[in-house]
Amino acid sequence: MAETLLEAAKKFAPIIRANLDQMDSECQLPSELAEAMAQKGLFGMYVPKCLGGPEADPITAFPVVEEISKADGSAGWCCFNGTALTAAVSRISIEATKELFGDPPDIRGSGSARSGGTAKVTDGGYVVNGRWNYLSGVDHAKCLFLNCDVVDENGSPVSEGGIPVTRVAAVPLDSGTVISNWTTMGMRGTASNDAEYMDLFVPASHTYSRTDPPVHEGPLYNPQTAILVSWTLAAANALGMARGAMDCFMELATTGSTMSTALLRDRSIVQTTVGECEAMIGAGRSYILDAAGAMWKSQVAKSPDLMEKAVHVRLAIAYAIRQSVKVVDMLFYAAGTGAIHQSNGLERYFRDLHVSGQHISGLHSNYEYGGQFLLGAAPTAITYS
């Protein structure tokens, strides 16, 4: 019987933990570890089956990212982000995919939804120029998916109905220059560096519009919900780290503090904190799995209520991430001075969650958008579409 993605994730957890110091110092996953995880499909769980990928649904992929994230937030983030980015091959032809990733295709990607440059219209395609940031997993990627502002032959912005036109260009990593500038308080192992491309010709077949229908059929690649299917795994990443923080705290609770010989677990305030944090993690996890499961069923059935289900997924994602940040704050405070030491691991989850929580998927604007939808008001919040 073939090993499942979750079984593979569980086997990698102790290996990841053994490499935490190296990941922090090198600001990326160790190359051997990244290679092994890639071979198991952990950075590309949404890659179509016809291209050799798992094509896992979000409910199947969720506990995989969660399991990796319990061991380390950066490794879990690379699973989430890599899976989200490599799903973009559903927008280009099989032929184009093989041109970019080889035959058989070894699909490993990174990218940026931020428009960091331009794509100038030219015969047969576009000429790409610019610098893109937050390219998580760029250290083990083969190609990047880069959002570009489309300009005409004269360099003037192209618009449709007054709205600027953007296009995603799939480009080989080695056709540009990676700028190593990822120095942060947390999530250091994600290697979320910049990359710069100058006068790179990109064939039209290696580009797509984010609103275009997918080349590959299947509910997983519906452009209406593509962002939310991806962000569901961002929630898994946050909840996995929150669970990892709880595990660290439970171990700390069996030892004394620097000021008292009393065990943390015997203190009323600590007991209350643990109970409340457990409820917060459980509530966040149940909400996102319930909402994402309902949306997935609507996608599969092609139900007309899909977008009504989608708004609850967006709310559930933001809720899970924000609650995870609150959990690690509460645990860090309850642990006292002992929390600040790298030796116990809690401070790592504190740093990582406070960095990942800044991602757009966890911002309060998601609550605003959900409220606008539920109230029937005109949406003004960031939609990230």
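Residues numbered from 1 in each chain as written. Predicted model: local features only at pLDDT ≥ 70, side-chain atom pairs only at ≥ 80, totals over all residues. Heavy atoms only, no water.

Colleague: Just checking my understanding: could you explain the environment of Leu144 for this structure?
Modeller: Along the polypeptide, Leu144 turns up in strand β3 (residues 143-151). What makes Leu144 buried here is its relative accessible area of 0%. (Helix = DSSP H or I, 4+ residues; strand = E, 2+ residues; numbered from the N terminus. Buried < 20%, exposed > 50% of the residue type's maximum accessible area, 1.4 Å probe, protein only.)

Colleague: Explain the pairing of strand β1 (residues 109-122) here, please?
Modeller: Remember that side chains alternate between the two faces of the sheet whenever the strand is regular. As paired elements, β1 and β3 share eight bridges and run parallel to each other. Within β3, the position partnered with Ser110 by the bridge is Leu144. Pairing of β1 with strand β2 (residues 125-135), which is carried by six bridges, proceeds in the antiparallel orientation. Counterpart to Val121 in the pairing with β2 is Tyr126. Remark: two residues form the turn of the hairpin made by β1 and β2, two consecutive strands paired antiparallel; Gly124 in that turn has positive phi of roughly 80°. (Pairing = 2+ DSSP bridges.)

Colleague: How should I be thinking about helix α8 (residues 268-301) in this particular structure?
Modeller: Count 3.6 residues to each turn of an α-helix, and residues three or four apart come out pointing the same way. When the terminal C-alpha atoms of α8 are compared, their 50 Å separation across 34 residues agrees well with the 50 Å that a helix rising 1.5 Å per residue should span. Downstream of α8 by one or two residues, Lys302 has phi in the positive range, about 55°. (Expected span 1.5 Å × (residues − 1).)

Colleague: In this structure, what is going on with the pattern of salt bridges? I would like to understand it.
Modeller: It is possible for side chains bearing opposite charge to pair when their charged atoms get close. Inspection of the entire model under this criterion finds 16 salt bridges. Across the pair Glu67 and Lys70 runs a salt bridge whose closest N-O atoms are separated by 3.3 Å. Within this pair, Glu67 and its partner Lys70 are both found in helix α4 (residues 58-71), separated by three residues, close to a single helical turn. Residue classification places Glu67 among the buried positions, given a relative accessible area of 17%. Bridged by salt links that share partners, the residues Asp24, Asp72, Arg188, Glu347, Arg348 and Arg351 form one connected network. (Salt bridge = Lys/Arg side-chain N within 4 Å of Asp/Glu carboxyl O.)

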